[in-house]
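Remarks on the overall topology
One-letter residues, chain by chain:
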Amino acid sequence: MNSIHQNIATRIKGYAIGSILFPCDFRGLGSEDAIKMSLSRHARNGLVERLGQGVYLKVKAKGKTAKPTMEQIALAIAKKEKIKIKPSGEFALHKLGMTANLPDDLIYITDGEPRNILIGSKRLILKSTTPKKLRLSNGISGLLIQGLEELGKDALNDQLKNQVSAQLKKEDEKNVMADLQLAPAWIYDLLYKLNQQLTR
């Protein structure tokens, strides 16, 4: 165990300060349980900081290390596991500036394994979805469709329609038309009508 622990320490020291680390980064150095136990010990000793279950940060020996954002952690998970993720729900609306406060739960849709990770006082949630939803663009229209689907048809009012129109003004027409083909029927009708009003 000590040699495993030392080998993990050596590998950790090879990472840049601020790197987001996962137990899978240390595979080949010991069993999964041994790696997790070693990382817990290194967290207690200050070599890394535990951000959440299975998520660690390489920190400075002395002084504070800037913590990554929830979005940076999500992107690091996606890169490590070679999966696709897209903002969903209230988080999609927040990224568009349609809601002021960052939600406590940051929800992404993914083609990877679902998970729920507590990071500080917020949760990073990855929800499995269909390939169709993952074909939505990463632009404004894709985020609008994700956000509106979370709100539901009953949430529609004049204020929300005005916000949606203001966002559509910023989006490329080709993106809008491509994403409309992937939208639920009621969202398609709404965005198509609003987009037609803008392009008259």
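You'll find the structure just up there.
Residues numbered from 1 in each chain as written. Predicted model: local features only at pLDDT ≥ 70, side-chain atom pairs only at ≥ 80, totals over all residues. Heavy atoms only, no water.

Looking now at the pattern of salt bridges. Overall, the coordinates contain 7 salt bridges when judged by the stated rule. A salt bridge links lysine 80 to aspartate 25; its shortest N-O distance comes to 2.3 Å. With lysine 80 in helix 3 (residues 70-81) and aspartate 25 in the loop between strand 1 (20-21) and helix 2 (32-45), this pair connects stretches of sequence that are 55 residues apart. Given a relative accessible area of 37%, lysine 80 falls into the partly exposed group. Judged by relative accessible area, which is 9%, aspartate 25 ranks as buried. Close ionic contact of lysine 95 with glutamate 71 constitutes a salt bridge, the shortest N to O distance being 2.8 Å. One end of the pair, lysine 95, is in helix 4 (residues 89-95); the other, glutamate 71, is in helix 3, and 24 residues separate them in sequence. Judged by relative accessible area, which is 37%, lysine 95 ranks as partly exposed. (Salt bridge = Lys/Arg side-chain N within 4 Å of Asp/Glu carboxyl O. Helix = DSSP H or I, 4+ residues; strand = E, 2+ residues; numbered from the N terminus. Buried < 20%, exposed > 50% of the residue type's maximum accessible area, 1.4 Å probe, protein only.)

A word on the sheet that holds strand 2 (residues 48-52). Strand order in the open sheet formed by 3 strands is 1-3-2, with antiparallel pairing between adjacent strands. Two strands lie at the open edges of the sheet, namely strand 1 and strand 2, each paired on one side alone. Relative to strand 3 (residues 55-58), strand 1 runs antiparallel, the two being bridged by 2 bridges. Opposite leucine 21, over in strand 3, you have tyrosine 56 as the bridge partner. (Pairing = 2+ DSSP bridges.)

Moving on: helix 3. Look at helix 3: 17 Å from first C-alpha to last across 12 residues, which is about the 16 Å you get at 1.5 Å a residue. Within the span of helix 3, buried status applies to Met70, Ile73, Ala74, Ile77 and Ala78. Viewed along the axis of helix 3, the buried residues span an arc of 135°, placing them on a single side of the element. Backbone geometry just downstream of helix 3 places lysine 82 in the positive-phi region, at approximately 55°. (Expected span 1.5 Å × (residues − 1). Arc of directions from axis to C-beta.)

In this section: the side chain of serine 141. For serine 141, the position within the fold is in helix 6 (residues 140-151). In this structure the side chain of serine 141 is engaged in a polar contact, spanning 2.5 Å, whose partner is the side chain of aspartate 179. The contact partners of serine 141, leaving out residues within four places of it in the chain, are Glu171, Asn175, Val176 and Asp179. (Polar contact = N/O pair within 3.5 Å; in protein donor to acceptor, adjacent residues only side chain to side chain. Contact = heavy atoms within 4.5 Å.)

Applying the stated criterion across every chain, the model contains 3 aromatic pairs. When the ring of tyrosine 15 is compared with that of phenylalanine 26, the centres are 6.4 Å apart and the planes differ by 65°; the resulting orientation is edge-to-face. Within this pair, whereas tyrosine 15 is found in the loop between helix 1 (2-13) and strand 1, its partner phenylalanine 26 is found in the loop between strand 1 and helix 2, the two being separated by 11 residues in sequence. Among the residues examined, tyrosine 15 registers a relative accessible area of 28% and is labelled partly exposed. With a centroid separation of 5.4 Å and 65° between ring planes, the pair formed by phenylalanine 91 and tyrosine 108 is classed as edge-to-face. Within this pair, whereas phenylalanine 91 is found in helix 4, its partner tyrosine 108 is found in strand 5 (residues 105-110), the two being separated by 17 residues in sequence. Taking the relative accessible area as the measure of exposure, phenylalanine 91 reaches 3% and is therefore buried. (Phe/Tyr/Trp six-rings, centres within 6.5 Å; stacked < 30°, edge-to-face > 60°.)

Next up on the list: helix 2. Its 14 residues give helix 2 an end-to-end C-alpha distance of 20 Å, which sits within 8% of 20 Å, the value for a rise of 1.5 Å per residue. If you check which residues of helix 2 are buried, you get Ala34, Ile35, Ser38, Leu39 and His42. Buried residues in helix 2, looked at end-on, bunch into an arc of 130°, giving them a common side. In helix 2, the exposed positions that point more than 90 degrees away from the buried face belong to Asp33, Met37 and Arg44. Glycine 46 lies just past helix 2 and shows a positive phi near 90°.

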